[in-house]
Amino acid sequence: MRSVALGLMATVFSLQAFAQSITYSPEKKIWLIKTAVSSYAMGVSPEGQLQHLYWGGPLWRIEDLPAASKKNDISSFDPGQMLDNEEYPGWGGPRYYEPALKITRADGDRDLVLRYVSHQIRGDELDITLKDIRDDLEATLHYRVYEDVGIIARWSTIRNKTNQKITIESAQSAAWYMPRGDGYRLSYLSGRWAAETQLNREPIHEGMKVLESRLGHTGHNLNPWFAVDSGDALEESGRVWFGALAWSGNWRITVEQTPYQQVRVTGGFNTFDFAYPLEPGQSLETPQFYAGFTSEGFGEASQLMHKLEREYIQPLQAKARLRPVLYNSWEATEFNVSEEGQKTLADKAAKLGVELFVVDDGWFGARNTDHAGLGDWVVNPKKFPHGLNSLIEHVNKLGMDFGLWVEPEMVNPDSNLYRAHPDWVMNFTGRPRSELRNQFILNLARDDVRDYIFGVLDKLASEYKIRYFKWDMNRTFSEPGWPDVAPDQQKELWVKYVLNFYDILARLRAKHPNLEIESCSGGGGRVDLGVLRYVDEFWTSDNTEAFDRLRIQEGFSQAYAAKLMSAWVTDVPNQNGRSTSLEYRFLVAMQGALGVGANLNKWTDDDFALGTRMIALYKQIRPVVQSGQLFRLLSPRTNDTTANEYVSPDKNDAVLFGFRHSQEYNTAPPVIYLRGLNARAVYRVESIEGKLAGSTAEYSGAYLMQNGLQLVLKGDFDSTAVLIQAADKHR
Ligand code: DGJ
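Predicted model, so just to flag it, every value in this text is computed and none were measured.

Regions with low pLDDT should not have their predicted coordinates read in detail. Across the protein chain, the average pLDDT comes to 96, with 97% of residues at 70 or higher. Mean pLDDT across the secondary structure elements of the protein chain bottoms out at helix α1 (residues 2-19), with 42, and peaks at strand β14 (residues 222-229), with 99.

Attention now goes to the pairing of strand β1 (residues 22-25). Relative to strand β2 (residues 30-34), β1 runs antiparallel, the two sharing four bridges. Opposite S25, over in β2, you have I30 as the bridge partner. Between β1 and β2, which pair antiparallel and follow one another directly, the connecting turn spans four residues, one of which, K29, has a positive phi of 55 degrees.

Judged by pairing direction, the sheet is antiparallel, and its six strands sit side by side in the order β31-β32-β33-β36-β34-β35 without closing on themselves. Edge positions in the sheet fall to β31 (629-634) and β35 (698-700), since each has one partner strand and no second. Taken over all neighbouring pairs, the strand axes of this sheet differ in orientation by 25 degrees on average, direction set aside. Alignment of strand β33 (residues 653-662) against strand β36 (residues 716-726), held across nine bridges, turns out to be antiparallel.

Looking now at the side chain of D127. Within the secondary structure, D127 sits in strand β7 (residues 125-132). Judged by its relative accessible area of 14%, D127 falls in the buried class. Polar side-chain contacts of D127 include one of 3.3 Å to the side chain of R122. Discounting residues that sit within four places of it in the chain, D127 has contacts with S118, H119, Q120, R122, T140, L141 and H142.

A separate point is the pattern of salt bridges. Summed over the entire model, instances satisfying the criterion amount to 57 salt bridges. Ionic pairing is found between K470 and D360, a salt bridge with its closest N-O pair at 2.8 Å. You can see K470 sitting in strand β26 (residues 468-471) and its partner D360 sitting in the loop between β22 (356-359) and α6 (387-397), a full 110 residues away along the chain. Assigned by exposure class, K470 and D360 land together as buried. In this structure, the salt-bridge partner of R450 is D503, at a minimum N-O distance of 3.8 Å. Highlighted residues: R450 in helix α8 (residues 447-463) and D503 in helix α9 (residues 493-511), separated in sequence by 53 residues.

Right, let's get into the site of the ligand. Near the ligand you find 13 residues, and of these D360, D361, K470, D472 and D542 are the closest. Contact between the ligand and D360: an oxygen atom at 2.7 Å from a side-chain N or O atom of the residue. Here R437 contributes a side-chain N or O atom positioned 3.0 Å from an oxygen atom of the ligand. For the ligand, whose unbound accessible area comes to 290 Å², protein coverage reaches 97%.

Parameters at a glance
- Residues numbered from 1 in each chain as written.
- Predicted model: local features only at pLDDT ≥ 70, side-chain atom pairs only at ≥ 80, totals over all residues.
- Heavy atoms only, no water.
- pLDDT = per-residue confidence, 0-100.
- Helix = DSSP H or I, 4+ residues; strand = E, 2+ residues; numbered from the N terminus.
- Pairing = 2+ DSSP bridges.
- Axes fitted to C-alpha atoms, helices over the stretch in contact; angles between N-to-C directions.
- Buried < 20%, exposed > 50% of the residue type's maximum accessible area, 1.4 Å probe, protein only.
- Polar contact = N/O pair within 3.5 Å; in protein donor to acceptor, adjacent residues only side chain to side chain.
- Contact = heavy atoms within 4.5 Å.
- Salt bridge = Lys/Arg side-chain N within 4 Å of Asp/Glu carboxyl O.
- Near = heavy atom within 4 Å.
- Areas by Shrake-Rupley, 256 points an atom, 1.4 Å probe, with all protein chains shown as cover.

Given below as structure tokens:
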């Protein structure tokens, strides 16, 4: 009896221990953060140094953790500070690893040593304030815990409470520490225009790897996401620490291994050309850096990110809605848009089952090529003799919403806006202004430019029934000068530009709650968690060639949810001259938010019949693809077959996409072992074109996961989708 009671008490105690996501032990001066899949701990040493203590699988007992303590010097070349794993190190004293904060005071003093001052826990949020050992220069570290997805957001606010000006030279959001050891690997996404989000995986050695953008926007070249694994992780096993920085401007993530077998990841504002002055009383907030841990491999790392994005980051209206099927004529017509042409395309798109019809570039000003008109956001009367409303009404009558392309940050030199406001462009006085795609960048850091752009978009959204803006941004920064402010404030442009960009998006969404926005920057140049707070989806890449897309999409899916991945079916041969079947192109695009970007005027009756069937099928599986769990079963990087499976949260529905790239020697494609199903349930399994070996149409979840499925995919670029539905739904 007694032992039962004790057992019960122990259960109650451990439940309580799990109930709160942040606990603090005043005796040991330790914080323990608990999530469903991980724990994270830090503590204060007797000297007041805030040290990282733990990040890994779930812990429940704060007493298990050793109190923070200052390490001894190993030699005069190996100071103890280099072993201390400070949670947010200032640059000062003998510290040589990447600092979280580096400053210069007005009098030239640059030493900064941060010590614990106070903390505050509010539910799942924690603030810890640190202060310089001498000056009233504070850094408040913010932590927000997303308990169910095992992710913590960290960022900091730096406050100058001294009476002299300081200049911040490096302001990072967080430093993250892996358990001490060797043999770690880094995964990251790299690429270029039309070849974004290529997945790389490489060993981490001593020294530093820098992932960054100096381009002004997030960039096509590197995406602000990382994963570090213990060296042996696979899709479904192994320890993975992963994270993403929520910033759409110059960002930087350093992955560093110290000589003391310590891997640390630091991220925040890029230090390149960075100098942010803080007058007495002023403060600067860094971007949020989200990171998590899982012991279940890269697959779960992605699933946790996807859930974080869908549940917690994207705007509320976006969360509540699945992405509609859209049509966009950019690849079909480019700048050659006209009222009649768009109406004809709209008629055809509506018959296919399209739900959102988007007019891309070319509808405004003198925009007949990319040489003129950018900045003049008035409807071109020659192209739309009856105004835009005539087209919008037509589109609405066909049962579709209307969307419009804009590129608000840019201006062609040949435009009325530039002729009126040449000073609005970022520039260094008297120096050449570099054109890229014949355009300059408006200095959005200026509040008058910000308000002007908001006014333009607000007017469009108020005058017309616009459901959706495709917000594009088609060049990188150059000559980022801001001659109108004092010289020591000019570098603020890097930060203020992005804050004003976010401000416009936030105001637009607040004023037009039904408005949806796609973040596009010449394809996937602005894909990050910062802009995701204000947009519904990302344009993944200007490369819409289906086979290339498989790898772009694989990389994208490491960090970002399928619902956010806009994917179009376009005509062949496209970008690289390859031709794949229309079915193959549909199936590739159906793994994200499906769109059609083909020239429907060239489609045959058979194409329309197939397209209509595929869009109907997509609508049926859309909840599973957009809200389900993704299992990457076979990677296009390593197999002649790519397979991705999406499973609904209740495990009743799943869909498997299979793509055979090139059959050799008459071999069968690999067996596909399904994942995430209910082993005890019986599922009805059906390939859309009978491309499944065997005759039984019903299998247990256990069989599908243990024995797997044999697809029948032959030749080059063959494909199928397999629908897997709990059989009792059919009885
Ligand atoms: C770049 C985008 O990525 C394309 O989809 C298209 O909108 C063009 N810009 C239009 O100029």
